[in-house]
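# Structural overview for review
Residue-level listing of the chains:
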Amino acid sequence: MADRIVPLGEKRLMDVKLGELGSWLGKRDFTPNGVLASIRNGHDRYYNKYINVKKGGIGGVAMLLVGYVALSYMWEYDHLKHDRWRKYH
Amino acid sequence: MGTLNSTLKFYMPVLTIVPTIKSACLPRLVQLSHLHTSPNSQAPVPALPEKGGKTRHGIIPEEIFQLLYPKTGVTGPYMLGAGLLTYILSKEIYIINHETFAAACMGTVIIYGVRKFGPDVAAFADKLNEEKVQKAQEVKDLAMTSLAQAVLDEKKEQWRAEGRQMLFDAKRNNVAMLLETNRRERVHMVTNEVKKRLDYQIALQTLHRRMEQEHMVNWVEKNVVTSITPQQEKTSIAKCITDLKVLAKVQQAKATVAI
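If you check an unreviewed UniProt entry, chain B appears there as ATP synthase subunit b from Oncorhynchus mykiss. UniProt, in the comment section headed Sequence similarities (unreviewed entry), describes chain B in these words: "Belongs to the eukaryotic ATPase B chain family."

Identification of chain A as ATP synthase subunit f, mitochondrial from Oncorhynchus tshawytscha is taken from an unreviewed UniProt entry. The annotation that UniProt attaches to chain A under Sequence similarities (unreviewed entry) is "Belongs to the ATPase F chain family." Its UniProt record gives chain A a comment under Subcellular location (unreviewed entry), which states: "Mitochondrion membrane".

What follows is the structure, given as structure tokens:
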């Protein structure tokens with residue numbers, strides 16, 4: 001089933017079992033270089049999957065925009081709290 | 001760096017095309033570059049994938065639906081969405097205020113615009129892409145044909161170079177013939193000159209002999225004529241006449257016998 005033993009730190013997130021999650025997080029590379037590398041990696045994956053194709057779709061850009069909207073909503077939440085209709089939920 | 005380049009290129013010339021519900025009318029983007037990042041790679045650049053990752057309703061990746069399908073079936077993600085929406089609204093994590101109305105208006109306009117003009121813009125972007133690809137292809141084809149032609153020309157030149165030997169042989173023959181012609185001309189000239197000189201000598205000798213002969217004949221005649229006295233002349237004439245008469249008689253006799 002497993003073709004070779006992969007060290008825990010290099011497993012993909014979906015392959016990590018729930019119990020190993022803590023140690024997996026501990027093994028990840030959180031140096032600035034590592035963070036940059038992971039950002040670059042994520043960007044490449046997203047870009048190559050949704051944008052760098054012959055016939056892309058709106059999904060590629062729309063997902064980014066929706067994510068931006070959601071993120072900016074979260075950042076503004078403290079200001080928006082005052083517009084709530086009820087005090088107790 | 002490769003990703004920096006690609007980021008810039010991503011954010012500048014992207015023409016966003018809106019999806020339609022039907023997956024038959026597929027949206028398209030203007031093509032972005034697909035470069036080798038390492039300078040040493042010899043393999044040909046792999047072709048771009050035809051279509052991107054699928055998304056449902058434009059903003060939710062298909063993978064979520066596939067993830068939940070075994071446990072919850074087809075409506076699972078929709079129920080998840082509805083539940084999340086209810087939770088967010090009821091706990092006022094999403095607050096309804098004036099901005100909600102603005103967002104709703106904008107959303108309607110955007111969705112309407114994308115649904116209506118999506119395919120046209122997609123076709124336009126496709127056409128642009130086609131033209132670019134065609135230009136590149138033309139350049140490539142032109143280069144190929146010119147290079148193939150150059151290869152043929154080179155082969156022809158090599159074949160011609162082999163024929164040089166024949167050319168040299170022909171030239172050598174020409175030169176030999178010229179030399180031979182020259183030699184023969186000179187031999188002729190020599191012969192003619194020698195012959196002329198010898199003829200001159202012969203003519204000279206003939207002249208000498210003729211002159212001697214004529215001179216001798218003239219001298220003999222003169223002497224004979226002067227030595228004939230009149231008396232001798234008369235007697236010789238009389239003898240001639242008698243001889244002639246005898247001869248005439250003989251002749252007449254022969255003639256009568258023959259008849």
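The structure having been displayed, the exposition proceeds.
Right, let's talk about the overall build of chain A for a bit. When its secondary structure is counted, chain A shows three helices and zero strands. Secondary structure elements in chain A, listed N-terminal to C-terminal, are α-α-α. Out of the 89 residues in chain A, the part that is buried amounts to 22%. Entry remark: accessible area of chain A is about 7100 Å², with carbon and sulfur atoms responsible for 61%.

Per the UniProt record, "transmembrane region" (unreviewed entry) is found at residues 56-75 of chain A. This span, residues 56-75 of chain A, is 90% helix and 0% strand, and a straight line between its end C-alpha atoms measures 30 Å.

Bringing unusual backbone geometry into the picture now. Residue and element names in this part refer to chain B. Even without being glycine, H57 reaches a positive phi, approximately 60 degrees. Along the chain, H57 falls in the loop between β1 (55-56) and β2 (60-61). Its identity is not glycine, yet E92 carries a phi of approximately 55 degrees, on the positive side. Inspection of the secondary structure puts E92 in the loop between α3 (76-90) and α4 (98-162).

Residue and element names in this part refer to chain B. Within the element layout of this structure, E62 appears in helix α2 (residues 62-72). Separated by 3.0 Å, the side chains of E62 and R56 make a polar contact. Apart from residues lying up to four places away in sequence, E62 is in contact with K54, T55 and R56.

Attention now goes to helix α2 (residues 32-50) of chain A. Between the first and last C-alpha of α2 of chain A there are 27 Å, a value that for 19 residues agrees with the 27 Å anticipated at 1.5 Å per step. Within α2 of chain A, burial applies to G34, Y47 and Y50 of chain A.

Another point: a nonpolar patch on the surface. The grouping of L13, M14, L18 and L21 of chain A together with L67 of chain B at the surface amounts to a nonpolar patch, some 580 Å² of accessible area in total. For M14 of chain A, a relative accessible area of 68% puts it in the exposed group.

Over its 29 residues, helix α6 (residues 230-258) of chain B extends 42 Å from the first C-alpha to the last, a length consistent with the 42 Å expected when each residue adds 1.5 Å. The buried count for α6 of chain B comes to zero of 29 residues, which makes it a mostly uncovered element.

Cut-offs applied
- Residues numbered from 1 in each chain as written.
- Chains lettered and ligands numbered in written order.
- Predicted model: local features only at pLDDT ≥ 70, side-chain atom pairs only at ≥ 80, totals over all residues.
- Heavy atoms only, no water.
- UniProt positions renumbered as here; feature names shortened; annotations may be inferred.
- Helix = DSSP H or I, 4+ residues; strand = E, 2+ residues; numbered from the N terminus.
- Buried < 20%, exposed > 50% of the residue type's maximum accessible area, 1.4 Å probe, protein only.
- Areas by Shrake-Rupley, 256 points an atom, 1.4 Å probe, with all protein chains shown as cover.
- Polar contact = N/O pair within 3.5 Å; in protein donor to acceptor, adjacent residues only side chain to side chain.
- Contact = heavy atoms within 4.5 Å.
- Expected span 1.5 Å × (residues − 1).
- Patch = residues over 30% accessible without salt bridge, like charges linked within 9 Å, V, L, I, M, F, W, Y side chains within 5 Å.
- Salt bridge = Lys/Arg side-chain N within 4 Å of Asp/Glu carboxyl O.

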